[in-house]
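Structural overview
Single-letter residue listing:
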Amino acid sequence: MAHADCTIPGQRALTGADRPNGNRPIFGIPVTAATSDVMIDELDRLSGAAEAGEPLQVAFLNAHNANLCWENADVAAAFRRGLVLNDGIGLDIATRLLHGEAFPDNLNGTDFVPLYLERTSRIFRIFLLGGTEGVAEKVRAAFQARAPQHRYVGTRHGYFTDREASGVADAIAASGADLVLVALGSPRQELWMSRYLADTGCRIGISVGGLFDFASGTKPRAPALVRRLQCEWVFRLLLEPRRMARRYLRGNFAFLARVARERLAPHSTPVWTRG
Ligand code: UDP
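Residues numbered from 1 in each chain as written. Predicted model: local features only at pLDDT ≥ 70, side-chain atom pairs only at ≥ 80, totals over all residues. Heavy atoms only, no water.

Named according to an unreviewed UniProt entry, the protein chain is Exopolysaccharide biosynthesis WecB/TagA/CpsF family protein originating from Chelatococcus asaccharovorans.

Next up, the structure:
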């Protein structure tokens, strides 16, 4: 399968030549293949470029939200709007089957985003959006300790109605933020960003899934060994069996079956997966 280009709104298309390891489409979503060091530089470069053009939207693709992209063209389009990084073992299996090699690093948002804030050469004004009441405040305290060079200009919980969604973007714009971290769960966070990121005035928006729950201490992280083996999903399944069973048991099976189908019969897959 040909490698698709990843077009960042307001910029020329990025091609494999821009990135040492290129990018690899999975269900039509071009996933960037890079080490975390390369990706930190890349995000600095792209967020600088986004000052002049449209903001940069960053998302993390895992087996769960790849399934959502397979099932819904609007969700796939929201992911395709920006830069997509690989999260978890499912994506590694997929890229081995579809493109013949693993990703150089597991760039899941829970580990990579705090690392980026710590190591970036830029100084950001950050807004934290998402989680239940009070969670974003705790994340602000945790990030202030870990990456004190930035200013944390606002927080808001993530439980708002569709009618309130545009007011949330206005509140972020009023805060003067230039980076927003969005933890609304998938696909809500990607859909909200693709619709409202431009209204926030931020030059970069990153969807971060469960990061706020972990960074605030609301939910425990899996032990380091489990994370190294890329089996964090098993830990999450044990912690929240009712909510996660559908996502991980049925979902992982469906994901692998769809990857096999994309490998063996690409023309039988949904049209937006054939990028
Ligand atoms: N969340 C939210 N608003 C919503 C749904 C979810 O703020 O309408 C928050 C939730 O409190 C959690 C985060 O989104 O902090 C991630 O949710 P989930 O665990 O479902 O996401 P995932 O692990 O799939 O990324």
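**Description of the overall build of the protein chain**
Definition in use: Only runs of H or I of at least four residues qualify as helices and only runs of E of at least two qualify as strands under DSSP, and these elements are numbered from the N terminus. Note that the radius of gyration is over C-alpha atoms, with the globule rule given as 2.2 Å times the number of residues to the power 0.38. Only protein chains enter the accessibility calculation, which uses a 1.4 Å probe. A residue is then buried if its area is under 20% of the maximum for its type, exposed if over 50%, and partly exposed in between.
The number of helices and strands found in the protein chain is twelve helices and ten strands. By the compact-globule yardstick of 19 Å for 275 residues, the protein chain fits well, its C-alpha radius of gyration being 18 Å. The C-alpha extent of the protein chain, read off along each of the three principal axes, is 50 × 45 × 40 Å. Burial status across the protein chain gives 51% buried among its 275 residues.

**With respect to the packing of helix 2 (residues 63-71) against helix 3 (residues 73-80)**
How we decide: Axis definition: a line fitted to C-alpha atoms, limited for helices to the stretch in contact. Angles are taken between N-to-C directions and run from 0 to 180 degrees. By definition in this entry, angles of less than 35 degrees are roughly parallel, angles greater than 145 are roughly antiparallel, angles of 65 to 115 are roughly perpendicular, and the rest are oblique. Handedness of a crossing is defined here by the sense of rotation of the near helix relative to the far one, left-handed for an anticlockwise turn of less than a right angle and right-handed for a clockwise turn. When checking whether two residues touch, look at their non-hydrogen atoms; a contact exists if any pair is within 4.5 Å. In this count, Pro and Cys sit with the nonpolar residues alongside Ala, Val, Leu, Ile, Met, Phe, Trp and Tyr, while Asp, Glu, Lys and Arg are called charged and the others, Gly among them, polar.
Remark: helix 2 packs on helix 3, axes separated minimally by 5 Å, with the N-to-C direction vectors making an angle of 120°. With respect to helix 3, the element helix 2 is oriented oblique. For the element pair helix 2 and helix 3, the recorded crossing hand is left-handed. Taking contact as the criterion, the partners of N65, L68, C69 and E71 in helix 2 are, on helix 3, A73, V75, A76 and F79. Among the residues forming the contact of helix 2 with helix 3, the class breakdown is six nonpolar, one polar and one charged.

**Here's the deal with the sheet that holds strand 10 (residues 204-207)**
Definition in use: For two strands to be treated as a pair, DSSP must find no fewer than two bridges joining them.
A sheet is described by the order of its strands in space; here eight strands give the open sequence 3-4-6-5-10-9-7-8, paired in mixed fashion. On the outer flanks of this sheet lie strand 3 (23-26) and strand 8 (151-156), each paired with one strand and no other. For this sheet, the mean angle separating the axes of adjacent strands, direction not counted, is 30°. Bridge analysis of strand 5 (residues 56-61) against strand 6 (residues 83-86) gives four bridges, and the strand direction is parallel. Its bridge partner being in strand 6, V58 is matched across the sheet by L83.

**As for helix 6 (residues 135-146)**
Heads up, the condition is: In a helix, the anticipated span is given by 1.5 Å times the number of residues less one. Comment: arc refers to directions from the helix axis out to C-beta atoms.
Given a rise of 1.5 Å per residue, twelve residues ought to cover 16 Å, and the 17 Å separating the end C-alpha atoms of helix 6 matches this to within 8%. When helix 6 is considered as a whole, its buried residues turn out to be V135, A136, V139, R140 and F143. Angular distribution of buried residues about the axis of helix 6 spans 140°; they occupy a single face of the element. Exposed residues lying more than 90 degrees from the buried face of helix 6 are K138 and A145. The inward-facing, buried residues of helix 6 contact helix 5 (109-119), strand 7 (125-130), strand 8, strand 9 (179-183) and helix 9 (211-215).

**Topic: the packing of helix 1 (residues 36-49) against helix 5**
With their axes 10 Å apart at the nearest point, helix 1 and helix 5 run at an angle of 65° to one another. Here helix 1 lies roughly perpendicular to helix 5, going by the angle between them. In the packing of helix 1 onto helix 5, the handedness of the crossing is right-handed. Along the contact surface, helix 1 presents S36, D37, M39, I40, L43, D44 and S47, while helix 5 presents F112, L115, Y116 and R119.

**Section: the site of the ligand**
Formally: Only heavy atoms are used to decide nearness, and a residue is near a molecule or strand if one of them lies within 4 Å of it. Under this definition, polar contacts are N or O atom pairs within 3.5 Å; protein pairs additionally need one hydrogen-donor-capable and one acceptor-capable atom, and for neighbouring residues in sequence, both atoms have to be side-chain atoms. Each accessible area is a Shrake-Rupley estimate made with a 1.4 Å probe; only the visible protein chains count as cover when residues are assessed.
The immediate surroundings of the ligand are formed by 15 residues, with G131, G158, Y159, R188 and R247 found nearest. Taking G185, its main chain carries an N or O atom lying 3.2 Å from an oxygen atom of the ligand. The contact in question runs from an oxygen atom of the ligand to an N or O atom on the side chain of R236, over 2.9 Å. For the ligand, the protein covers 84% of the area, taking 540 Å² as the surface of the free molecule. Partitioned by chemical class, the residues of the shell around the ligand number three nonpolar, seven polar and five charged.

**Some remarks on the environment of F253**
Mapped onto the elements, F253 comes out in helix 12 (residues 241-264). Between the alpha carbons of F253 and E42 there is a distance of 33 Å; along the sequence they are 211 residues apart.

**Side note on helix 12**
The condition that has to hold: Bending is quantified residue by residue as the angle between axes fitted to the seven-residue window ending at that residue and the seven-residue window starting at it.
Over its 24 residues, helix 12 runs 33 Å from end to end, which matches the ideal 34 Å to within 8%, given 1.5 Å per residue. The sharpest bend along helix 12 measures roughly 40° and falls at G251. Turning to helix 12, its buried residues are M244, Y248, G251, N252, F255, R258, V259 and E262. Looking at the packing, one finds that the buried side of helix 12 touches strand 3, helix 2, helix 4 (89-99) and helix 11 (232-239).

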